[in-house]
Amino acid sequence: MKPDFEAMTTDVCVPLSHLAELISKSKQELDASPLLCAVVAHAGDGNFHTVIMFDPKDEEQRQEAERLNHFMVHAALSMEGTCTGEHGVGTGKMKYLEKELGIETLKTMKRIKAALDPNNIMNPGKLIPPHVVLWVPHLLAKKTFNM
C-alpha cells in the first residue's frame, strides 16, 4: 500500500462485553489521524489488531503511530483488558505491564524467571521492565564486590 512506509502492528484485548466499545473508540481515533490505519479483529476472543502505516523518516509520523498505540492500550486497560493478546509483550508493550499487572506481580514474575533461568540466557531484557529490582540473596552471594 505504501512501499516506503513501515507498518506498526499492534493489538489489544478486552472482555467480549467491551470489544465493540473499544473498537468503536479506537476506530474514531484512528480515522481522525492523518496516518493510514487498518483494523482487523478476531472477535471471538476480544482481541483486535491495528496496522498503522508511517514514514520512518518522519519523526512526527512515528510519534503519531506511538500515540495511537498508547491510546488503544490505555483504553483497553480502562475496560479491564490487556495491553496485548498476542503481540509485543517482550519489548513493545513492556512499558505498559506495571500499570496493567502491578509491581508485585512483576517482581513475582522476575523471581520465577531467576529461578528457571539463573544465567539470564533466555530472552534477556524481555518481558520484565528493567526497573523491577529484586533482593535475591542467593544471586548476590555469587557476586564479588570491590570495596
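Look up: the structure comes first, before these words.
Residues numbered from 1 in each chain as written. Predicted model: local features only at pLDDT ≥ 70, side-chain atom pairs only at ≥ 80, totals over all residues. Heavy atoms only, no water.

Details of the environment of Ser17
Residue position: Ser17 is located in helix α1 (residues 16–32). A residue is classified by how much of its surface remains accessible, and Ser17, at 64% relative accessible area, is exposed. Here the alpha-carbon distance between Ser17 and Met79, two residues 62 residues apart in the chain, equals 9.3 Å. (Helix = DSSP H or I, 4+ residues; strand = E, 2+ residues; numbered from the N terminus. Buried < 20%, exposed > 50% of the residue type's maximum accessible area, 1.4 Å probe, protein only.)

What about the side chain of Thr84?
Relative to the assigned elements, Thr84 resides in the loop between α2 (59–78) and α3 (97–101). The exposure class assigned to Thr84 is buried, which follows from its relative accessible area of 8%.

With respect to the nonpolar core
Val12, Leu22, Leu35 and Ile52 are the most contacted members of the largest nonpolar core, which has 25 residues in total. Mapped by element, the contributors of at least two residues to this core are β1 (6–13), α1, β3 (47–54) and α2. The element that contributes the greatest number of residues to this core is α2, accounting for seven residues. In contact with Leu22, not counting residues within four places along its chain, are Val12, Val14, Phe48, Met72, Ala75, Ala76 and Met79. (Core = buried A, V, L, I, M, F, W, Y, C linked by side-chain atoms within 4.5 Å. Contact = heavy atoms within 4.5 Å.)

What is shown is where atoms sit, not what they do.
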